[in-house]
Structure formats: C-alpha cells, structure tokens
Amino acid sequence: MAILNILKYPEKSLSKPSVPVEAIDDEIKALIKDMGETMFHDSGVGLAAPQVGVNKRILVYDAHAADPDLENEDQEIIALINPEITAKSEDTFISENEGCLSVTDFRADVKRHVRVTVKAQNIDGKQMEFNADGLLSVIMQHEIDHLDGVLFIDRISVLKRAMYKKKLLKKMKKDQ
Ligand code: NI
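1. Topic: the side chain of aspartate 34
- For aspartate 34, the position within the fold is in helix α1 (residues 26-41).
- Of the side chains bearing the opposite charge, lysine 33 lies closest to the buried aspartate 34, which forms no salt bridge; the N-O distance is 8.3 Å.
- When residues no more than four places from it in sequence are discounted, the contact partners of aspartate 34 are Met1, Ala2 and Leu4.

Quick look at the structure:
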C-alpha cells in the first residue's frame, strides 16, 4: 500500500483520454488499493487513475459519500473499471463549489445532469449497471470526465477559467 502522488493541473497527461483496462490483474488491483488510500489521505470523495499518472479507465469513490445510509463506519472504497455513462437525464442542476484534488485552491459551480446511468465492471470483473443521483451522480460525471481528459474547469465559463489560470500562473511564478 502506498500514498501516490496526485498530478496537478496544468500537467498535460490529465488532458489525455485514458485507455480501457483489458485484464483486472494483480497490478490493477494493487493500483486500486493505492488509489483508495491516496483518496482518503487527501480527503477526496473520488479519484481517477489519470490523476495518479496512470491513463487507464479506472476510478474509485468513497462508498459513504455515495450512500450516506451505509451503517458501516469504516473507510470503504468502490472501484469501477471501464465505466461509461449510458444514459443521462435532460434536467440539470448546479453542483455548487465543486473541487478536484488535481486543481489546487479553486472551487466553482458546475452544471451537471441530475441523474446518470453508469455501466462498469467491479474489481472482480463483474459487469454491472446502476442509476446515480445526488452526490453519486456528480462523482460519476466528474470522475468519468477525468477518464476522457476533461477537468471540471473545462466546464465553467471562459472568464472564470481565465481568472483561475491567471491566479495559478502568479502562484507558480512566486513558488519558483
Ligand atoms: Ni477531479
């Protein structure tokens, strides 16, 4: 088990589409464990493999964030392999103050679909399909975007994105 380094925008590989996983072998299973540990360490509710430098279609999320009624208090992750959104509601809402472990010191409101249907394999390779709404719906849209090389800052207004980039450049210059 290990805490992995999370890549930060403007790292180029974050904008690269990821490739499907062909076999869920020991290496993939170890990666998933490390991704879970890294996500909890950095207080995230979801994490996608490209964020730790692996451009493969894998995401993990906090089982409790997805289902607040879970009785077990232990930290628990759910991993999805090759997830895809197969249906989305026409109605949208504003996901307030969305953030990302790969986008430092910035949050913004993002327009999201209210409900999505997700098809994926679990860690045992079992194919499944489920409906997500609420926080789980946002996590699915945000993390599957990562697998397509899309960050939440790609989904905000040009003006807001420009403001963030300017702020980031300033900070990077200062830190040099
Ligand atoms: Ni993110």
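This is not the end of the story, as more comes after the structure.
2. Comments concerning the coordination of the nickel ion
- Coordination of the nickel ion by the protein involves Cys100 (SG), His142 (NE2) and His146 (NE2), with metal-donor separations of 2.1 to 2.3 Å.
- Sequence positions of the residues that donate to the nickel ion give the spacing C-x41-H-x3-H. Remark: histidine 146 and histidine 142 occur in helix α3 (residues 134-147); sequence separation between them is four residues, near one turn of the helix. When sorted by exposure, histidine 142 lands in the same class as histidine 146, which is buried.

3. Description of the layout of surface pockets
- When its volume is computed, the largest pocket comes out at roughly 430 Å³.
- Forming the boundary of the largest pocket are 25 residues, of which Val45, Glu98, Gly99, Cys100 and Arg107 lie nearest the centre.
- Looking at the lining of the largest pocket, the elements that each hand over two or more residues are β1 (46-48), β4 (92-100), β5 (103-113) and α3.
- A breakdown of the residues in the lining of the largest pocket according to their chemical character gives nine nonpolar, ten polar and six charged.
- In this structure, the second largest pocket encloses a volume near 210 Å³.
- Around the second largest pocket, the lining residues are Ile85, Lys88, Thr92, Lys111, Arg112, His113, Val116, Gln141, Ile144, Asp145, Asp148 and Arg155.

What counts and what doesn't
Residues numbered from 1 in each chain as written. Predicted model: local features only at pLDDT ≥ 70, side-chain atom pairs only at ≥ 80, totals over all residues. Heavy atoms only, no water. Helix = DSSP H or I, 4+ residues; strand = E, 2+ residues; numbered from the N terminus. Buried < 20%, exposed > 50% of the residue type's maximum accessible area, 1.4 Å probe, protein only. Lys, Arg positive; Asp, Glu negative; His and termini not counted. Salt bridge = Lys/Arg side-chain N within 4 Å of Asp/Glu carboxyl O. Contact = heavy atoms within 4.5 Å. Donors = N, O, S within 2.8 Å, 3.2 Å for Na, K, Ca; no water. 1 Å grid on protein atoms, 1.4 Å probe; cavity = no way out; pocket = protein on both sides within 12 Å on 5 of 7 lines; lining within 4 Å. Points joined across faces, edges and corners; volume = space filled by probe spheres on them. Nonpolar A, V, L, I, M, F, W, Y, C, P; charged D, E, K, R; others polar.

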